[in-house]
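Inside the fold
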Amino acid sequence: MLPRDLKPEQFSGYPPAAKELVTNYLGALQKLPLSFLPNLLREAIDYDFKFPAERHALDRELANLGSLSPAQIGEWFQGFAKISVSTQLERSDWINSPAQFVEQLSAHLWTTHQLDAFRVAATEYADRLHAAVTPQPPPVPRLGITVIGQGVSSYDGTLFGKLRPHGGYFTHINPENGLRLLLDAVGGRAKAHSSAYGHWYIDGGEEAEHDAVLTTVSYGALASVRRSLLRNMQTETERPGMGPEALRTLMAEMRPADLGMSKDGDPIVDRFRLKLLTEGSGTQIYSTTFAQWAAREALRRAQPLTLLVRFAPRQRQRPMDELLSDSHPASALDFVGSLIDADMGAYYNWLNQQRLPGAEQSSFLVWFEGHSQALAIGPSMPRGTESAAIADLGKLLSWTI
Amino acid sequence: MGERALKIPRTNCAISWTRREFLRSAAGVALGSAFLPSTRRASTLSRTKKVVVITFGGGARDQETFAPEGQENIPHLMREFIPRASFFTQVVNRGILGHYVATASLATGVYETINNFASLPPEHPTVFEYFRKDLKRPSSDAWVVAPSNGFNRIGESTHRSYGPGLGARVVLPKHLLKATLSKRGTDYEHLLRDNYETPYYTPELGGNEFELQQLESILRLSADDFKAHARTLSSPDELSVYIARQLMRHLAPSLLWITMHDIDVAHAGAYSMYIEGIQRTDRLCAELWHAIQTEPEYAGRTTLMILPDFGRDADEDAGGNGFQHHRTGDALSRTTWMLAIGHGIREGVVYDRAFDSLDLVPTIGAILGFSPSLAQGRPISELV
């Protein structure tokens, strides 16, 4: 089966909005190489459960593809056209299972030493798309806030090392009521600049009190889902013949209800939460990993105007001697390790925010929770500076934006 | 395979990556050139030479190791090794970036394409087979100490001219520990987890892995003593080093290959655990180097080579998630370093030229005096 043979009825298994989208652009899709098309279908098949920013981007990408002449198609996809795809992959059900196809294609590219050629083709495509479909700037400059170090009484190491060259480091911030000030500021932005899934609060532990208008994801609220998933994975891996690929496919096919999530929730956010656990690595076990991955995926997919991420202490990795003697409880927390994880996570949050449209106007604030150290990055904030100015977090935020 | 997230980027990334010059600020090192010969003397009989290879794994980036900002994580390599070592700043791995298949490629000198998660032997002859067949060495003279994730088949290939009976003996310390544990609970399962890329999957073992009863006959170690010692160690790599030292003391193999794997905990996404893995591996390398210098069978005649199997994804690559994985195939994940120290090695020299990770096997061949005829690399002239 090749793209040129595509017919509308072959998409009957797609959810309604996805089916309509794909059939509207069937003519364009028929012209695309097989090394590219399933990657696009993998996005399209989830259209019904995508955030507005994702839908908008996909709409524009497909509209652009539909506008290209045959000669332009040849030019845009010459790199992909040179990628050799196996007969086995051609015969697979890439229309209904594009994610599995992409996974198998990935293995094929590594094995046949075509991965570098694929990377070049993908980068060229992204550059052309970026030039042709200029991303629209956000209605207001983005704001990212990361709160790290919950529960750490003191730390002598260097914090914000990777971020300091990009902003101002403040050493005398008044920590009093800091989280409350930040959450209130985020809630205020959400009310002032209403946007569906545009303002987020992610917590690596239990959620603090926050404005209901925020889209919220937390490690604590997903405790029963995480336990259910881990049990499920354990059971599946004990089945004869279960390998990593089969397990991954199984997890990819899970639905929120399979893990006990309420049917009354927002289906888009619930699907997002589920994917954090079924597609993320380590997100089921370590809260710091969960918070970082959730932020990464929220930024990549929902492109929020505001994102507050609060890291919480994760469980400790138990050393071998302790496991053998079973001398300590498994639930002990690693506060300093979590601070180091979160410090790196803050850097990744900033990097991921900077990948979005309007990066030059975006602002970012990271604070060592309960302490006087913070770092602010913004258009008006001098880079690589240090300040002993005394201010609370509300004031610092006003200097940053 | 090592890759799981093949995403076509739909945004472009303006941040570019440039490779740092390693060790620019390190004292006591000189910039080397290919015209500087090694200090290896032709009169040294290959019969007495030994080579120990440590893969600094699994997967470590420049910026957490030898790049300026990472040097604090490797104090032993920086202070004890670098002044006495030849250091190569650019070792490029053009193969599949999965730990087993990449290590197998290092050991064969050919980019293997076997399934990273299956218990399969390499398709091309390993360095151990060349060594044993060409030099007519017994099986006791080539050993591999490795984590359990499929590495049990790394000792010998399926190649018809080599293969069964000509490879290295393989010991999997975690597997050995598992065999000694009569009562196993959930925590033991966690401890004995085979790999970090697919934490809930364990391939079936096959091949001639080290049997439990050989603990006593070869390593002169009772199961109870082994178990008791394991209780004093904090990680699987510490267990590997303990076993390697037993092998060195009791069998003194001429070709010893130790695959470290603690660093790959990075797949769990916790940066501090990744850094702890690097710091531990640094310490364990020093421990092994100390053993080489103090064991009479090794002192003065051993070349030690340390290299990561590959790097990890760059922070700046939007297709990955930084240190957590090695999925993008970007330059940082493919480019790493190698350090050589000991017999015949020029001291305190840094070489900036790039070489291919496949060059390792021909280099070991040139040092020990065998011909890896099917390996695709070339001997590293600065080391032979």
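Residues numbered from 1 in each chain as written. Chains lettered and ligands numbered in written order. Predicted model: local features only at pLDDT ≥ 70, side-chain atom pairs only at ≥ 80, totals over all residues.

Scanning chain A from terminus to terminus reveals 17 helices and twelve strands. The C-alpha radius of gyration of chain A comes to 23 Å, within 12% of the 21 Å expected for a compact globule of 401 residues. In terms of overall dimensions, chain A has a C-alpha envelope of 65 × 55 × 45 Å along the principal axes. Sorting the 401 residues of chain A into buried and exposed places 44% on the buried side. Sequence-distant contacts, at least 24 apart, represent 72% of the contacts inside chain A between residues at least 6 apart. (Helix = DSSP H or I, 4+ residues; strand = E, 2+ residues; numbered from the N terminus. Rg over C-alpha atoms; globule rule 2.2 N^0.38 Å. Buried ≥ 20, exposed ≤ 12 C-beta atoms within 10 Å, placed from the backbone. Contact = placed C-beta atoms within 7 Å.)

Once that is clear, we can look at the pairing of strand 3 (residues 85-92) of chain B. Residues in a regular strand point their side chains to alternate faces of the sheet. Residue and element names in this part refer to chain B. Within strand 3, six of the eight residues are buried, which leaves the element mostly enclosed by the surrounding structure. In this sheet, strand 8 (residues 335-342) lies alongside strand 3 in antiparallel orientation, the contact comprising six bridges. Within the sheet, the bridge partner assigned to V91 lies in strand 8 and is T336. Alignment of strand 3 against strand 9 (residues 349-356), held across six bridges, turns out to be parallel. (Pairing = 2+ DSSP bridges.)

For the rest of this paragraph, the subject is the domain arrangement of chain A. Residue and element names in this part refer to chain A. Segmenting chain A into domains produces domain 1 (3-132) and domain 2 (143-222 + 264-400). Its C-alpha centre places domain 1 at a distance of 34 Å from the equivalent point of domain 2. Opposite the five residues of domain 1 that make contact, domain 2 presents eight residues. Of the residues belonging to the side of domain 1 that touches domain 2, the class tally is four nonpolar, no polar and one charged. (Domains from an automatic or database assignment. Nonpolar A, V, L, I, M, F, W, Y, C, P; charged D, E, K, R; others polar.)

The subject of this paragraph is the sheet that holds strand 10 (residues 374-377) of chain A. All names here are of chain A. Strand order across the open sheet formed by eight strands is 5-4-6-1-9-10-2-11, with mixed pairing between neighbours. Each having just a single partner strand, strand 5 (215-218) and strand 11 (385-387) make up the two edges of the open sheet. With strand direction ignored, the average angle separating the axes of adjacent strands in the sheet is 15°. As paired strands, strand 4 (residues 199-203) and strand 5 are joined by four bridges and run parallel to one another. Within strand 5, the residue paired with I202 across the bridge is V217. Helix 17 (residues 393-400) contacts strand 2 (168-170), strand 9 (363-368) and strand 10 of the sheet and is inclined by roughly 155° relative to strand 9. (Axes fitted to C-alpha atoms, helices over the stretch in contact; angles between N-to-C directions.)

Here we take up the pairing of strand 4 of chain A. Residue and element names in this part refer to chain A. When you tally the buried positions in strand 4, you get five out of five residues, the bulk of the element. Here strand 4 shows no split at all, with H199, Y201 and D203 on one side and W200 and I202 on the other all buried. Relative to strand 6 (residues 306-310), strand 4 is paired through five bridges, and the arrangement is parallel. Its bridge partner being in strand 6, D203 is matched across the sheet by R310.

Once that is clear, we can look at the sheet that holds strand 1 (residues 30-31) of chain B. All names here are of chain B. The nine strands are arranged 1-9-3-8-7-2-6-4-5 in an open sheet whose pairing can be described as mixed. The open sheet has two free edges, formed respectively by strand 1 and strand 5 (169-171), since each of these has just one partner strand. Here strand 2 (residues 50-55) runs beside strand 6 (residues 255-259); their pairing, made up of five bridges, is parallel. The partner of V52 across the bridge, within strand 6, is L256. Running over the sheet, helix 8 (residues 236-250) touches strand 4 (142-145), strand 5 and strand 6 and is turned about 170° from strand 6.

Another point: helix 8 of chain B. Residue and element names in this part refer to chain B. Its 15 residues place the ends of helix 8 21 Å apart at the C-alpha level, agreeing with the 21 Å of an ideal helix rising 1.5 Å per residue. Across the 15 residues of helix 8, twelve count as buried, placing the element largely inside the fold. Within the span of helix 8, buried status applies to P236, D237, E238, L239, S240, V241, Y242, I243, A244, Q246, L247 and M248. Following helix 8 by one or two positions, A252 adopts a phi angle in the positive range, close to 45°. (Expected span 1.5 Å × (residues − 1).)

Now for unusual backbone geometry. All names here are of chain B. The residue after G57, namely G58, is reached through a cis peptide bond having omega -5°. Mapping G58 onto the fold places it in the loop between strand 2 and helix 1 (75-81). The backbone phi angle of K136 is positive, close to 50°, even though this residue is not glycine. Here K136 falls in the exposed class, since 8 other C-beta atoms lie within 10 Å of it. Within the chain, R220 stands out as a residue other than glycine whose phi angle is a positive 50°. Note on placement: R220 falls in the loop between helix 6 (214-219) and helix 7 (223-230). A residue is classified by how many C-beta atoms lie within 10 Å of it, and R220, with 11 of them, is exposed.

A word on the packing of helix 10 (residues 178-192) of chain A against helix 17 of chain A. Residue and element names in this part refer to chain A. Two elements in contact, helix 10 and helix 17, have axes whose closest approach is 8 Å; the angle formed by their N-to-C orientations is 45°. As the angle between them shows, helix 10 and helix 17 are arranged oblique. For the pair formed by helix 10 and helix 17, the contact residues are G178, L181, L182 and A185 on the first element and L393, G394 and L397 on the second. Across the contact of helix 10 with helix 17, the residue classes tally to five nonpolar, two polar and no charged. (Parallel < 35°, antiparallel > 145°, perpendicular 65-115°, else oblique.)

In terms of nonpolar packing, the biggest core is built from 204 residues, with V366 and A374 of chain A together with Y274 and L339 of chain B touching the most fellow members. Taken together, domain 1 (3-132) and domain 2 (143-222 + 264-400) of chain A each give at least three residues to this core, which thus spans both. Apart from the residues lying within four places of it in its own chain, the contact partners of Y274 of chain B are I263, V265, A266 and F323 of chain B. (Core = buried A, V, L, I, M, F, W, Y, C linked by C-beta atoms within 7 Å.)

Moving on: the packing of helix 4 (residues 173-180) of chain B against helix 8 of chain B. Residue and element names in this part refer to chain B. Their axes nearest at 9 Å, the elements helix 4 and helix 8 cross at an angle of 95°. With respect to their mutual orientation, helix 4 and helix 8 come out roughly perpendicular. Between helix 4 and helix 8, the residues in contact are P173, K174 and L177 and P236, L239, S240 and I243, respectively. Residue classes in the contact of helix 4 with helix 8 are distributed as five nonpolar, one polar and one charged.

Here we come to the environment of T363 of chain B. All names here are of chain B. Within the secondary structure layout, T363 lies in helix 11 (residues 360-368). Taking the number of C-beta atoms within 10 Å as the measure of exposure, T363 has 27 and is therefore buried. Each C-alpha atom, one on T363 and one on P379, is 4.1 Å from the other, the two residues being 16 residues apart in sequence. Beyond its immediate sequence surroundings of up to four residues, T363 is in contact with P379, I380, L383 and V384.

Okay, the confidence of the model for chain B next. Parts of the prediction with low pLDDT should not have their coordinates interpreted in detail. All names here are of chain B. On average, residues of chain B score 85 in pLDDT, and 81% of them reach the 70 mark or higher. pLDDT under 50 marks residues 1-5. Its contacts with residues more than four places away, or in other chains, come to 21 contacts. Throughout residues 11-20 the model reports pLDDT below 50, and contacts reaching past four residues in sequence, or to other chains, amount to 19 contacts. Scored as a complex, the prediction yields pTM 0.91 and ipTM 0.93. (pLDDT = per-residue confidence, 0-100.)

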